Amino acid sequence: MVIAGEWQLSDDGVTRPILHARIHKGDGTLIAEDFLIDSGADRTAFRTGLLEQLQIPTRKPPMDIALSGIGGVSAFVLVTTVIELLRVDGSPVRVRGEFAGFTDPAATDLSVLGRDVLDNFDLILSRPRNEILLLAPRHQYRVEQT
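Below is a short write-up of the structure. (Residues numbered from 1 in each chain as written. Predicted model: local features only at pLDDT ≥ 70, side-chain atom pairs only at ≥ 80, totals over all residues. Heavy atoms only, no water.)

### Things to note about the nonpolar core
Taken as a class, soluble globular proteins show a tendency for nonpolar side chains to be buried jointly.
Right, so step 1: Counting residues in hydrophobic clusters, the biggest one holds 27 residues, and the most contacted among them are Phe46, Ile83, Leu85 and Phe121.
Right, so step 2: Of all the elements in the fold, those that place two or more residues in this core are strand E3 (15-24), strand E4 (30-37), helix H1 (48-54), strand E8 (76-86), strand E9 (92-102), helix H2 (115-118) and strand E12 (131-135).
Right, so step 3: A total of four residues in this core trace back to one element, the largest contributor, which is E8.
Right, so step 4: Counting six residues, the second-largest nonpolar core is a separate cluster that includes Leu67, Phe76, Leu78 and Ala100. (Core = buried A, V, L, I, M, F, W, Y, C linked by side-chain atoms within 4.5 Å. Buried < 20%, exposed > 50% of the residue type's maximum accessible area, 1.4 Å probe, protein only. Helix = DSSP H or I, 4+ residues; strand = E, 2+ residues; numbered from the N terminus.)

What follows is the structure, given as structure tokens:
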């Protein structure tokens with residue numbers, strides 16, 4: 001299975017690795033969302049605007065769990081839903097889980113795809129080749145010297 005992302009130029013002039021996905025709302029419909037691929041993030045986290053659109057019950061996280069990064073600790077809630085990633089052939093790959101949702105709109109303007117999802121795949125980020133690939137069984141990669 002191959003899932004492809006893209007290097008996307010952001011409003012701030014920086015090009016970042018992005019993966020397009022769809023998120024299941026409380027009523028069963030889907031919302032399209034772009035995720036920043038962050039192999040250093042422990043967990044996937046939804047931006048505040050997406051969390052509000054989902055209309056899914058949330059719960060407070062246990063006291064011993066925190067979301068922290070370069071900007072410090074951010075307030076969040078937990079939400080259980082399904083993220084649909086699309087294979088290059090257009091068929092969906094569903095990842096069900098409990099994901100974080102930022103409650104502070106200033107925390108991030110992009111949802112973050114973290115290692116809780118990425119660890120299911122081989123991740124290839126190649127800026128020089130302009131490629132972003134998530135590979136799962138039956139697909140592999142090989143590094144060769146040219």
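Text resumes after the structure shown.
### Comments concerning the layout of surface pockets
Right, so step 1: There is about 340 Å³ of room inside the second largest pocket.
Right, so step 2: Lining the second largest pocket we find 13 residues, and of these Ile124, Arg129, Glu131, Tyr141 and Arg142 sit closest to its centre.
Right, so step 3: When contributions to the lining of the second largest pocket are tallied by element, the ones reaching two or more residues are strand E11 (122-126) and E12.
Right, so step 4: For the lining of the second largest pocket, the leading source of residues is E12, giving three residues.
Right, so step 5: By residue class, the composition of the lining of the second largest pocket is five nonpolar, four polar and four charged. (1 Å grid on protein atoms, 1.4 Å probe; cavity = no way out; pocket = protein on both sides within 12 Å on 5 of 7 lines; lining within 4 Å. Points joined across faces, edges and corners; volume = space filled by probe spheres on them. Nonpolar A, V, L, I, M, F, W, Y, C, P; charged D, E, K, R; others polar.)

### Quick look at the side chain of Glu33
Right, so step 1: Within the element layout of this structure, Glu33 appears in strand E4.
Right, so step 2: Judged by relative accessible area, which is 5%, Glu33 ranks as buried.
Right, so step 3: Within polar-contact distance, the side chain of Glu33 engages the side chain of Ser111 at 2.8 Å.
Right, so step 4: In contact with Glu33, not counting residues within four places along its chain, are Leu19, His20, Ala21, Ile23, Arg47, Leu50 and Ser111. (Polar contact = N/O pair within 3.5 Å; in protein donor to acceptor, adjacent residues only side chain to side chain. Contact = heavy atoms within 4.5 Å.)

### Some points on the pattern of salt bridges
Where side chains of opposite charge bring their charged atoms close, a pairing between them can arise.
Right, so step 1: One pass over the full model with this rule turns up seven salt bridges.
Right, so step 2: Put simply, Arg47 and Glu33 hold a salt bridge, and the shortest N to O gap is 2.8 Å. Linking Arg47 in the loop between strand E5 (45-46) and H1 with Glu33 in strand E4, this pair joins segments that are 14 residues apart in sequence. (Salt bridge = Lys/Arg side-chain N within 4 Å of Asp/Glu carboxyl O.)

### Here's the deal with the sheet that holds E11
Right, so step 1: Within the open sheet, the three strands sit side by side as E1-E12-E11. Their pairing is antiparallel. Across the chains shown, the open sheet's two edge strands, defined by having one partner strand only, are strand E1 (2-4) and E11. For this sheet the average axis-to-axis angle between neighbouring strands, irrespective of direction, equals 20°.
Right, so step 2: Two elements, E11 and E12, share five bridges in a ladder whose sense is antiparallel. For Ile124, the partnering residue across the bridge sits in E12 and is Leu133. (Pairing = 2+ DSSP bridges. Axes fitted to C-alpha atoms, helices over the stretch in contact; angles between N-to-C directions.)

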